[in-house]
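# Commentary on secondary and tertiary structure
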Amino acid sequence: MAELAPGACQPAPLRESKRLSSPLSSTALRVTGAFGNHLHALKTLSESTMRAYLSDVRHFACWFETDLEGRMFEPNHISTPALTRYLTHLELLRLQPASINRAVVALKRFCGWAQQTGLASGDPARNVRFMRLVPTTPQGLNDLEEGALVRSVTRHGSLRDQAIVVVMLHTGLRAGETCQLEGRDLILEAEKGTLRVTGRGQRVRDVALDAAARAAIRRYHPALPGPSARLFPSTRQGAALSPRALGDLIRKYARLAGLEISAHDLRHRFGSVMARQVPLRRLAQIMGHDSLKTTALYTRASASALQAEVEEIA
């Protein structure tokens, strides 16, 4: 796991906020580095989640050492009022509630770990509350936008990029799940296919491939990749494509099509379309949702889309 170089306090998470320029103390670097090693040893978090949690804690450490009268960042110095002040600071930066809540999760993990390892005598984050989230309806692509994106990648993209876009549109995989696919995860037959997907919490699910997804994969891989080979490797490194690189890839073809979308919007598109066709519990299984409440948002989105179509016809 990448560590910050001494003197470079540039936590990359929390993208809505500006990066902090004050350097972390050697103590803060040592403690946050140990926490990063702890996260890595858990084997239950994705690489992107580990990076986000570690970066959130370092962001807090930077704030702690610059805004709290220059106090050195040590776990035993952290108090509940300090955590509350920090969350207020994030609100003033106009971060989204989901981003602030992710920071809360990271800090709760950090403080719990510090108490367990004897670096702190208590857990000041235990009673820190999450921000209340107002459920929002996922905004996926419409038919015209999906068509424009597919035409864009077909015209300008490689066979790999075409396969990525089509597979994501037709399976609803998360960016991180797509990047981690290997040859052993793919079962491809004449008239059916399956991807074995490792999702959040290392939970595994099987996702069916329709004809469009199977055809896109066959064009890219006339001969199927070896079991340990990445299904969609990085063209520069040959290793796994990173979620950030995949996001850049989607935005590139979207801009060429005159769209402003993210990789996650392809997942929303799949969820919204499938919500009209399959039962709620089955859709939750396909998309790897922990809660049916999350999946139900796609049902609401589908209802809104249908209402819009009715209004248009009228």
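In what follows, the accompanying structure is described. (Residues numbered from 1 in each chain as written. Predicted model: local features only at pLDDT ≥ 70, side-chain atom pairs only at ≥ 80, totals over all residues. Heavy atoms only, no water.)

### Comments concerning the overall build of the chain
- Secondary structure summary: the chain contains twelve helices and three strands in total.
- A sequence separation of at least 24 residues applies to 63% of the contacts in the chain between residues at least 6 apart.
- Summing over all exposed atoms, the chain offers an accessible surface of approximately 17000 Å²; the carbon and sulfur share of this is 51%. (Helix = DSSP H or I, 4+ residues; strand = E, 2+ residues; numbered from the N terminus. Contact = heavy atoms within 4.5 Å. Areas by Shrake-Rupley, 256 points an atom, 1.4 Å probe, with all protein chains shown as cover.)

### Examining the packing of aromatic side chains
- The final tally for this structure, using the stated rule, is eleven aromatic pairs.
- Of the aromatic side chains, those joined through ring pairs into one cluster are Phe35, Phe60, Trp63, Phe64, Phe73, Tyr86, Phe110 and Trp113. (Phe/Tyr/Trp six-rings, centres within 6.5 Å; stacked < 30°, edge-to-face > 60°.)

### Topic: empty space enclosed by the protein
- Within this structure, the stated rule accounts for one cavity of 30 Å³ or more.
- One number sums up the size of the largest cavity: a volume of about 40 Å³.
- Contributing elements (two or more residues each) for the lining of the largest cavity: α3 (80-92) and α4 (97-116).
- Among the elements that take part in the lining of the largest cavity, α4 stands out by supplying three residues, more than any other.
- Grouping the constituent residues of the lining of the largest cavity by class yields six nonpolar, no polar and one charged. (1 Å grid on protein atoms, 1.4 Å probe; cavity = no way out; pocket = protein on both sides within 12 Å on 5 of 7 lines; lining within 4 Å. Points joined across faces, edges and corners; volume = space filled by probe spheres on them. Nonpolar A, V, L, I, M, F, W, Y, C, P; charged D, E, K, R; others polar.)

### A look at the pattern of salt bridges
- According to the stated counting rule, one finds eleven salt bridges in the structure shown.
- The closest approach of N and O atoms between Arg102 and Asp56, which form a salt bridge, is 2.8 Å. On the criterion of sequence distance, the pair formed by Arg102 in helix α4 and Asp56 in helix α2 (residues 47-67) is long-range, its members being 46 residues apart.
- On the basis of relative accessible area, Arg102 is assigned to the partly exposed category, the value being 28%.
- A network of salt bridges, in which partner residues are shared, links Asp143, Glu146 and Arg269. (Salt bridge = Lys/Arg side-chain N within 4 Å of Asp/Glu carboxyl O. Buried < 20%, exposed > 50% of the residue type's maximum accessible area, 1.4 Å probe, protein only.)

### Comments concerning the nonpolar core
- By size, the foremost hydrophobic cluster in this structure holds 42 residues, and its most contacted members are Leu149, Leu195, Phe232, Leu246 and Leu266.
- Considering every element that reaches this core, the biggest residue donor is helix α6 (residues 159-171), with seven residues.
- In this structure Leu266 touches Leu141, Leu149, Val165, Met168, Leu169, Ile250 and Ile261, once residues within four positions along its chain are discounted.
- By size, the runner-up hydrophobic cluster in this structure holds 37 residues, among which are Val31, Ala61, Leu68 and Ile100. (Core = buried A, V, L, I, M, F, W, Y, C linked by side-chain atoms within 4.5 Å.)

### Focus: the environment of Thr27
- In this fold, Thr27 is placed in helix α1 (residues 26-42).
- A relative accessible area of 13% means that Thr27 is categorised as buried.
- Sequence-wise, Thr27 and Phe73 are 46 residues apart; in three dimensions their C-alpha atoms are separated by 7.0 Å.
- Once residues lying within four places of it in the same chain are set aside, the contact partners of Thr27 are Met72, Phe73 and Glu74.

### Observations regarding α1
- Taking 1.5 Å as the rise per residue, α1 with 17 residues should run 24 Å; its terminal C-alpha atoms sit 25 Å apart, in good agreement.
- Looking only at α1, the buried set comprises Thr27, Ala28, Leu29, Val31, Thr32, Gly33, Phe35, Gly36 and Leu39.
- At its buried positions, α1 is contacted by α2 and α4.
- Residue Lys43 follows α1 closely and has a positive phi angle near 65°. (Expected span 1.5 Å × (residues − 1).)

Read these as spatial facts, not as claims about activity.
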